[in-house]
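Each chain, written out:
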Amino acid sequence: MCQRMGARLVWAMSNFIVFACMAGTAIISLVSVNKYITEGIQHAIGENRAIKIASLVIFALLGFPLSITYSVPFSITSDLTTDTGGGQGLAIGVLNLEIVIPQMIVSLGAGPWDALFSGGNIPAFVLAPLFALAAGVTATLKLPNLSSGSFKSSGFHFG
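Right, let's walk through the structure included here. (Residues numbered from 1 in each chain as written. Predicted model: local features only at pLDDT ≥ 70, side-chain atom pairs only at ≥ 80, totals over all residues. Heavy atoms only, no water.)

1. Details of the overall build of the protein
Phase 1 of the analysis: On a plain count of helices and strands, the protein comes out with seven helices and zero strands.
Phase 2 of the analysis: Moving toward the C terminus, one meets the helices and strands of the protein in the order α-α-α-α-α-α-α.
Phase 3 of the analysis: Considering the protein as a whole, with its 159 residues, one finds that 23% of them fall into the buried category.
Phase 4 of the analysis: Partitioning the contacts of the protein with sequence separation of at least 6, the portion at a separation of at least 24 is 68%.
Phase 5 of the analysis: In the form shown here, the protein has an accessible surface area of approximately 10,800 Å², with 69% of it arising from carbon and sulfur atoms. (Helix = DSSP H or I, 4+ residues; strand = E, 2+ residues; numbered from the N terminus. Buried < 20%, exposed > 50% of the residue type's maximum accessible area, 1.4 Å probe, protein only. Contact = heavy atoms within 4.5 Å. Areas by Shrake-Rupley, 256 points an atom, 1.4 Å probe, with all protein chains shown as cover.)

2. Some thoughts on the layout of surface pockets
Phase 1 of the analysis: Here the largest pocket is characterised by a volume of approximately 1,600 Å³.
Phase 2 of the analysis: Looking at the largest pocket, it is lined by 41 residues, and the ones nearest its centre are Asn15, Val18, Thr69, Pro102 and Gln103.
Phase 3 of the analysis: Put simply, the parts of the chain that give the lining of the largest pocket at least two residues each are α2 (7–39), α5 (63–80), α6 (88–116) and α7 (122–142).
Phase 4 of the analysis: A class-by-class count of the residues in the lining of the largest pocket yields 30 nonpolar, eight polar and three charged. (1 Å grid on protein atoms, 1.4 Å probe; cavity = no way out; pocket = protein on both sides within 12 Å on 5 of 7 lines; lining within 4 Å. Points joined across faces, edges and corners; volume = space filled by probe spheres on them. Nonpolar A, V, L, I, M, F, W, Y, C, P; charged D, E, K, R; others polar.)

3. Things to note about the packing of aromatic side chains
Phase 1 of the analysis: Applying the stated criterion across every chain yields a total of one aromatic pair.
Phase 2 of the analysis: Each ring, one from Trp113 and one from Phe117, has its centre 5.1 Å from the other, and the planes form 65 degrees; the classification is edge-to-face.
Phase 3 of the analysis: Taking relative accessible area as the criterion, Trp113 reaches 29% and is therefore assigned partly exposed.
Phase 4 of the analysis: Its relative accessible area of 45% is what places Phe117 among the partly exposed residues. (Phe/Tyr/Trp six-rings, centres within 6.5 Å; stacked < 30°, edge-to-face > 60°.)

4. Focus: the packing of helix α4 (residues 49–61) against α5
Phase 1 of the analysis: Between α4 and α5, whose axes approach to 4 Å, the crossing angle comes to 25 degrees. In terms of axis orientation, α4 runs roughly parallel to α5. Here Phe59, Ala60 and Leu61 of α4 lie close against α5, whose contacting residues are Gly63, Phe64 and Pro65.
Phase 2 of the analysis: Considering only residue class, the contact of α4 with α5 consists of five nonpolar, one polar and no charged. (Axes fitted to C-alpha atoms, helices over the stretch in contact; angles between N-to-C directions. Parallel < 35°, antiparallel > 145°, perpendicular 65-115°, else oblique.)

5. Focus: a nonpolar patch on the surface
Phase 1 of the analysis: Where nonpolar side chains cluster on the molecular surface, the patch consists of Phe16, Leu133, Val137 and Leu141 and spans about 340 Å² of accessible area.
Phase 2 of the analysis: Ranked by residues supplied to the nonpolar patch, first place goes to α7 with three residues. (Patch = residues over 30% accessible without salt bridge, like charges linked within 9 Å, V, L, I, M, F, W, Y side chains within 5 Å. Salt bridge = Lys/Arg side-chain N within 4 Å of Asp/Glu carboxyl O.)

6. Some remarks on α5
An α-helix turns once per 3.6 residues; consequently, residues spaced three or four apart project the same way.
Phase 1 of the analysis: End to end, α5 covers 26 Å across 18 residues, agreeing with the expected 26 Å (1.5 Å per residue, within 8%).
Phase 2 of the analysis: The axis of α5 is deflected most strongly, by about 30 degrees, at Thr69, and proline Pro73 appears within four residues downstream.
Phase 3 of the analysis: Turning to α5, its buried residues are Pro65, Ile68, Val72, Pro73, Ile76 and Thr77. (Expected span 1.5 Å × (residues − 1). Bend = angle between axes of the 7 residues up to and from the residue.)

7. What to know about the nonpolar core
Phase 1 of the analysis: Counting residues in each nonpolar core, the largest one holds five residues, listed as Ala7, Val10, Ile68, Val72 and Ile76.
Phase 2 of the analysis: Residue assignment for this core shows that the elements contributing at least two residues are α2 and α5.
Phase 3 of the analysis: In terms of residue count, α5 provides more of this core than any other element does, three residues in total. (Core = buried A, V, L, I, M, F, W, Y, C linked by side-chain atoms within 4.5 Å.)

8. Concerning α7
Phase 1 of the analysis: Compared with the 30 Å implied by 1.5 Å per residue over 21 residues, the 30 Å span of α7 between its first and last C-alpha is a close match.
Phase 2 of the analysis: For α7, the complete set of buried residues consists of Ile122, Pro123, Pro129, Ala132, Gly136 and Ala139.

9. Describing the environment of Leu62
Phase 1 of the analysis: Within the fold, Leu62 resides in the loop between α4 and α5.
Phase 2 of the analysis: C-alpha separation for the pair Leu62 and Ala20, spaced 42 residues apart in sequence, amounts to 9.6 Å.
Phase 3 of the analysis: In this view, Leu62 contacts Val18 and Cys21; residues no more than four positions away in its chain are not counted.

Here's what the structure looks like:
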């Protein structure tokens, strides 16, 4: 995809997909909680087929941005640091820190954030699409344009 569309557009597109999926997660959560309150505990056991299907579709769609997250930042970092002399290993290490530190902040802050709004995950599910939208807009406006030709497939390797 990076060869055809460019890494910046692919990365921004993945953030917009996460935005749509997390917004869908928030909506599904709200509908599910409302049905739980009105219909009782039997609904929570899995009686509502539409909620199950919508949840599975969202999780399937989240696979696309996940695969982009696993590959594009590392290829961009490698491409940008090839000729700098500082070493690609150092750049990849710094990139890993930039990935891990926000994850730790989210892990430590999600509980208190949910407690502010009487518990449950819905406040975090509402906040997540806002951050994903901001990340998509930032990626579109701030990431550098890299040449599409620098991304080449290594192909499949069989033993």
